[in-house]
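Here are the chains, one letter per residue:
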Amino acid sequence: MRQGSDVTIVALSRMVGEALAAAEDLDTDCEVIDPRTLVPLDLETIVESVQKTNRLVIAHEAVEFGGFGAEIAAAVTAAAFDYLDAPPVRVGAPFTPVPLSPPLEDAYLPGRDDIKEAVTAWSPVTTQH
């Protein structure tokens, strides 16, 4: 969806738009990938991007704990561990019941600010390895 060189953001469904908006807001050059399907997953495209950017953020609406983002993180780590400068970061909903109120649901679902926080949380300048 968007070429970049500093971090790969894999975004699913509604989070694609949120990831693109976050990428526009950030000074970091973000590559945004929409895999479109989870089965089959285009792992090759994601791994090629991570080999270029050395960082991975996965954004989805599902609960972060046990969500599909964990599977993507595990698969990319297994395939491209030596290329990662930091652990993959997952952005997802909290591990709580989904609220029924539309305003509470809006607060519950992750969005552009959560993605921006995930991208900027790790910096090679401020983090010691």
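Heads up: the structure comes first, above all this text.
The rules behind these values
Residues numbered from 1 in each chain as written. Predicted model: local features only at pLDDT ≥ 70, side-chain atom pairs only at ≥ 80, totals over all residues. Heavy atoms only, no water. Buried < 20%, exposed > 50% of the residue type's maximum accessible area, 1.4 Å probe, protein only. Helix = DSSP H or I, 4+ residues; strand = E, 2+ residues; numbered from the N terminus. Arc of directions from axis to C-beta. Contact = heavy atoms within 4.5 Å. Core = buried A, V, L, I, M, F, W, Y, C linked by side-chain atoms within 4.5 Å. Salt bridge = Lys/Arg side-chain N within 4 Å of Asp/Glu carboxyl O.

> Describe helix α2 (residues 43–53), and please don't skip the residues or the numbers.
Those residues of α2 not exposed but buried are I46, V47, S49, V50 and T53. Angular distribution of buried residues about the axis of α2 spans 160 degrees; they occupy a single face of the element. For α2, the elements touching its buried residues are β1 (7–11), β2 (30–33), β3 (56–63) and α3 (68–80). Among the residues trailing α2, N54 stands out with phi positive, at a value near 70 degrees.

> Give me the nonpolar core: which residues, what numbers.
Looking at soluble globular proteins, one finds that nonpolar side chains tend to be buried together. If you look at the biggest cluster of nonpolar residues, it comprises 17 residues, and the most contacted ones within it are I9, A19, C30, V57, V91, I115 and V119. The element that contributes the greatest number of residues to this core is helix α1 (residues 15–25), accounting for five residues. Beyond its immediate stretch of four places on either side in the chain, A19 contacts I9, A11, V32 and I115. Formed by 13 residues, the second largest nonpolar core is a distinct cluster that contains V10, V47, A80 and L84.

> Describe the pattern of salt bridges, listing the residues and the values that go with them.
Taken as a whole and assessed by the stated rule, the structure comprises seven salt bridges. Here R14 and E18 are joined by a salt bridge, their closest N and O atoms 3.4 Å apart. Residue R14 is classed as partly exposed on the basis of its relative accessible area, which comes to 35%. Exposure remark for E18: the relative accessible area of 22% places this residue in the partly exposed category. Residue K116 pairs with D113 through a salt bridge whose shortest N-O separation is 3.5 Å. Of this pair, K116 and D113 both sit in helix α5 (residues 112–120), three residues apart, which is roughly one turn of the helix. A relative accessible area of 54% places D113 in the exposed class. One salt-bridge network, in which partners are shared between bridges, spans D25, R112, D113 and K116.

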